[in-house]
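Below, each chain spelled out in residue letters.
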Amino acid sequence: MTTDQLVNYRETYEPLTEDPLTLMARLARGGLYDQYAVYENGPEWSYAGGVLATFRLGREICRAEGARDLSAVDEWLAALPMTRWRVYGWAAFELGAALAGARPSDVHGGEDLLYLVVPAVEVRVKGDRVLLRATEPGELDRLVGLVRDRGESGDPESTERVSVPLEDGGGYREAVACALNDLRGPGPLTKVILSRRVAVPVPLDLTATYVAGRRANTPARSFLLELGGIGAAGFSPETVAEVTADRRVVSRPLAGTRARSGAPDEDARLRADLLSDPKEIHEHAISVRLALEDLALVCDDTRTTEYMTVAERGTVQHLASTVVGHLRADRTPWQAFAALFPAVTATGIPKTPAYDLIRTLEEQPRGLYAGAVLTYDSSGALDAALVLRSVFQQDGHCWLQAGAGIVPQSRPPREHEETCEKLRSVAGHLVPAQDR
């Protein structure tokens, strides 16, 4: 968008007359915009459609001034010709290696590592009210009509599902065994997260998949998007970074996993086993330590406010902690995000040698998997969800992906089973596209 005139959002409120998930799905399915994002952040749901302005960082971040700490994002935002904006976007996993100073030739993946947009319209739901925002009067009127018009009863939810075998067909156990050779050797690496892809054989109806998956899951955040050339629906178990308007920074690492069976007695037994397993406790403790170290790069008063509780996330339960700090006066929320990204629970310890081993042992770049979907607004509030428990569609391909944290005490069969436990959070809810 190129204009010297200030652009203001027009706003109006409507009462909420349906559950937020259904409204978000209707807006996404309405075909209003080629690019859109739905983001669930606790009690607030948001739909953002269209593009007024775009910010993109590619592999040139390795050498660009102002990119290595993401201060270039702040410069772009300062020049926006609109007020009271909110940015939506995503960060690819490989952004982490670029931020760490990897050479451009060593940063695998697509050209875009960070993709942000200021949308043309927004619909935000909180409580019993719906806030509608648009820069053009006609678009605001159209949004009002869509929110009011629920149709007969909405599209019926499909009961058809795509069956996807979750067993390892690509040498995941062997990759874990190779990683263990490094972890048990003299090098600095103490933990690495290795993932594997599972191909989905047919195109999906991502909106229907999102609705079915969200009804069955208990995520910390959820999202649905067609943005920057990739489609995804996800049920994030944790956040990478949360920055409030008063500059409080929060990260919520999860590490250590057991299944959830749905049977209370069995789930309690698995929970007790998780809380007493030396391998899982060690994996979690070193992850929290690194999260605190990352936070200390940009914050004062860093501390742990919750330690080693258990969070239930769909088909699995995790050891969970919360680390917090106060952003220093000379640092911005984007610099806090740069310090914490990627999540320690999706890379390894230390992060730099973990990048190298992941690149060596995984067959292809991760892209959005283990990256972040995020929002940032003019108040300074940033919220970045870790992209796990997700399904992806891009360039005619569709896939799931899941990983496990490998430490010296790991056993390849158990780590493989952990990936299956995580994949089941999404795999049972895949709705095929009807025009396939």
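Here's what I pulled together on the structure shown here. The model shown is predicted, which means the values in this text are computed figures rather than measured ones.

Re the overall build of the chain
Link 1 in the chain: Within the chain, the regular secondary structure consists of 11 helices and 21 strands.
Link 2 in the chain: In summary, the chain has a C-alpha radius of gyration of 21 Å against a globular reference of 22 Å for 436 residues, a match within 12%.
Link 3 in the chain: By residue count, 58% of the 436 residues in the chain fall in the buried class.
Link 4 in the chain: Nonlocal contacts in the chain, meaning residues at least 24 apart in sequence, comprise 75% of its contacts between residues at least 6 apart.
Link 5 in the chain: Just so you have it, the chain exposes about 17,600 Å², and 49% of that area is on carbon and sulfur atoms.

Section: empty space enclosed by the protein
Link 1 in the chain: The full count for this structure, using the stated rule, is 5 cavities of 30 Å³ or more.
Link 2 in the chain: Counted as a void, the largest cavity has a volume near 200 Å³.
Link 3 in the chain: T345, L388, R389, G403 and K422 are, among the 24 residues lining the largest cavity, the residues nearest its centre.
Link 4 in the chain: Listing elements by their share of the lining of the largest cavity, those giving two or more residues are β9 (191-199), β14 (254-259), β21 (397-406) and α11 (412-427).
Link 5 in the chain: If you tally residues by element for the lining of the largest cavity, the top one is β21, at 5 residues.
Link 6 in the chain: When grouped by side-chain class, the residues that make up the lining of the largest cavity number 10 nonpolar, 7 polar and 7 charged.
Link 7 in the chain: Approximately 60 Å³ is the volume found for the second largest cavity.
Link 8 in the chain: Lining of the second largest cavity is provided by E238, T239, V240, S251, R252, P253, A291, D294, L340, A343 and V344.

Focus on the side chain of S46
Link 1 in the chain: Within the secondary structure, S46 sits in strand β3 (residues 44-49).
Link 2 in the chain: For S46, a relative accessible area of 2% puts it in the buried group.
Link 3 in the chain: Looking at S46, its side chain comes within polar contact range of the side chain of E44, at 3.5 Å.

Looking at the pattern of salt bridges
Link 1 in the chain: Counted by the stated rule, this structure contains 34 salt bridges.
Link 2 in the chain: For D205, the salt bridge goes to R29, with nearest N and O atoms at 3.0 Å. Residue D205 is found in the loop between β9 and α6 (206-216), and its partner R29 is found in helix α1 (residues 20-29); the two are separated by 176 residues along the sequence.
Link 3 in the chain: A salt bridge links R221 to D383, with the nearest nitrogen and oxygen atoms 2.7 Å apart. With R221 in strand β10 (residues 221-227) and D383 in strand β19 (residues 382-386), the pair connects residues that are 162 residues apart, well separated along the chain.
Link 4 in the chain: Judged by relative accessible area, which is 9%, R221 ranks as buried.
Link 5 in the chain: Residue classification places D383 among the buried positions, given a relative accessible area of 6%.
Link 6 in the chain: Through salt bridges with shared partners, one network takes in K191, R258, D273, D277, K279, E280, E283 and E415.

What counts and how
Residues numbered from 1 in each chain as written. Predicted model: local features only at pLDDT ≥ 70, side-chain atom pairs only at ≥ 80, totals over all residues. Heavy atoms only, no water. Helix = DSSP H or I, 4+ residues; strand = E, 2+ residues; numbered from the N terminus. Rg over C-alpha atoms; globule rule 2.2 N^0.38 Å. Buried < 20%, exposed > 50% of the residue type's maximum accessible area, 1.4 Å probe, protein only. Contact = heavy atoms within 4.5 Å. Areas by Shrake-Rupley, 256 points an atom, 1.4 Å probe, with all protein chains shown as cover. 1 Å grid on protein atoms, 1.4 Å probe; cavity = no way out; pocket = protein on both sides within 12 Å on 5 of 7 lines; lining within 4 Å. Points joined across faces, edges and corners; volume = space filled by probe spheres on them. Nonpolar A, V, L, I, M, F, W, Y, C, P; charged D, E, K, R; others polar. Polar contact = N/O pair within 3.5 Å; in protein donor to acceptor, adjacent residues only side chain to side chain. Salt bridge = Lys/Arg side-chain N within 4 Å of Asp/Glu carboxyl O.

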